[in-house]
Amino acid sequence: MNVAVSPTERSWSWRRLLLSAVLCLVTPLAFAQASAASAVDQRAQAVTQVVLGILSYARWPVEPTQLRLCIVGPTQYTDDLVKGTTQATGRPVVVQRLLADNPNIVNACDALYIGKLSTDERSHLFTALIGRPVLSISEGGDQCTVGSLFCLRVSDDQVSFEVNLDSVARSGVRIHPSVLQLSRRRAPEP
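Note that this is a predicted model, so its numbers are computed, not measured. (Residues numbered from 1 in each chain as written. Predicted model: local features only at pLDDT ≥ 70, side-chain atom pairs only at ≥ 80, totals over all residues. Heavy atoms only, no water.)

**Student:** I would appreciate a short explanation of the pairing of strand β5 (residues 111-114) in the present structure.
**Tutor:** Within a regular strand, side chains alternate between the sheet's two faces. Alternating positions in β5 separate into two faces, A111 and Y113 on one and L112 and I114 on the other, with burial throughout. Sheet analysis places strand β2 (residues 67-72) next to β5, joined by 4 bridges and oriented parallel. Bridge pairing in β5 links I71 to Y113. Across 4 bridges, the pairing between β5 and strand β6 (residues 135-138) is parallel. (Buried < 20%, exposed > 50% of the residue type's maximum accessible area, 1.4 Å probe, protein only. Helix = DSSP H or I, 4+ residues; strand = E, 2+ residues; numbered from the N terminus. Pairing = 2+ DSSP bridges.)

Shown next, in the form of structure tokens:
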């Protein structure tokens, strides 16, 4: 049986076929991007939990009623942290972003979350912190030998941290010994 098909119907068929092919190619990419965004969100939430955990085990010479956490430099995992929160003890954590060269940084912050800074910015920042009870956490792990008290190690599976004992001793902030044990805990081998 012969059926007459108009050129318009044929072009719609090709368009539908082309649209279907494009959707088949694009859909996995969309799911992959959503999955990647979800993974980034999960890492940001995990970083927030680790940072809040570290802060809860720290004691300042004069305990602040409201903990002031400052974010300095470009960061990857602070989206969840900048919302601010309350610690398990009920103490509010107020989060603000500051430039590394802000002269009030030592008076405006009880703790610093440090992102990517140039060597000069980092040196200037840690020079300003000498003798001040400010807890510092670096997002990248390579700075642990350059003044930060804690250095985060963020991977797909977990967020861990290292402790710079020399910096802790000089900071004036007391850290509970159990935090030191947590920093020594290693990720399970695959």
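From this point, the narrative continues.
**Student:** Explain the state of the cysteines here, please?
**Tutor:** Here, disulfide denotes a covalent bond that connects the sulfur atoms of two cysteines. Overall, the coordinates contain 1 disulfide when judged by the stated rule. Between C70 and C109 runs a disulfide, and the two sulfur atoms are separated by 1.9 Å. Classification of the bridge connecting C70 and C109 rests on its S-S torsion, roughly -95°, and on that basis the disulfide is left-handed. Separated by 39 residues along the polypeptide, C70 in strand β2 and C109 in the loop between α2 (105-108) and β5 bring together distant segments of the chain. Exposure class is identical for C70 and C109. Each is buried. (Disulfide = S-S within 2.5 Å.)

**Student:** So what exactly am I meant to see when it comes to the packing of aromatic side chains here?
**Tutor:** Given two aromatic rings, their pairing is described by the distance between the two centres and the angle made by the two planes. Summed over the entire model, instances satisfying the criterion amount to 1 aromatic pair. Consider the rings of F150 and F161, whose centres lie 5.7 Å apart with planes at 70°: the pair is edge-to-face. Of the two residues, F150 is situated in strand β7 (residues 150-154) and F161 in strand β8 (residues 159-163); the sequence distance between them amounts to 11 residues. Accessibility assignment for this pair places F150 and F161 in one class, buried. (Phe/Tyr/Trp six-rings, centres within 6.5 Å; stacked < 30°, edge-to-face > 60°.)

**Student:** Where do I start with the nonpolar core in this structure?
**Tutor:** As a rule of thumb, nonpolar side chains are buried together in soluble globular proteins. V51, L55, L69, Y113, L135, F150 and L152 are the most contacted members of the largest nonpolar core, which has 29 residues in total. Looking at this core element by element, the count peaks at 6 residues for helix α1 (residues 7-56). The residues contacting L135, other than those within four sequence positions of it, are I54, L55, A58, W60, D110, A111, L112, L149, F150, V173 and I175. Within the second largest apolar cluster, 14 residues are counted, among which are V106, C109, L112 and L117. (Core = buried A, V, L, I, M, F, W, Y, C linked by side-chain atoms within 4.5 Å. Contact = heavy atoms within 4.5 Å.)

**Student:** Would you take a moment to explain the pattern of salt bridges for this structure?
**Tutor:** Under the definition given, this model contains 6 salt bridges. With its nearest N and O atoms 2.8 Å apart, the salt bridge here joins E63 to R91. Highlighted residues: E63 in the loop between β1 (58-59) and β2 and R91 in the loop between β3 (85-86) and β4 (92-98), separated in sequence by 28 residues. D166 is paired through a salt bridge with R170; the nearest N and O atoms lie 2.6 Å apart. Placement of both D166 and R170 in helix α4 (residues 165-171) is noted, with a separation of 4 residues, approximately one turn of the helix. For D166, a relative accessible area of 47% corresponds to the partly exposed category. (Salt bridge = Lys/Arg side-chain N within 4 Å of Asp/Glu carboxyl O.)

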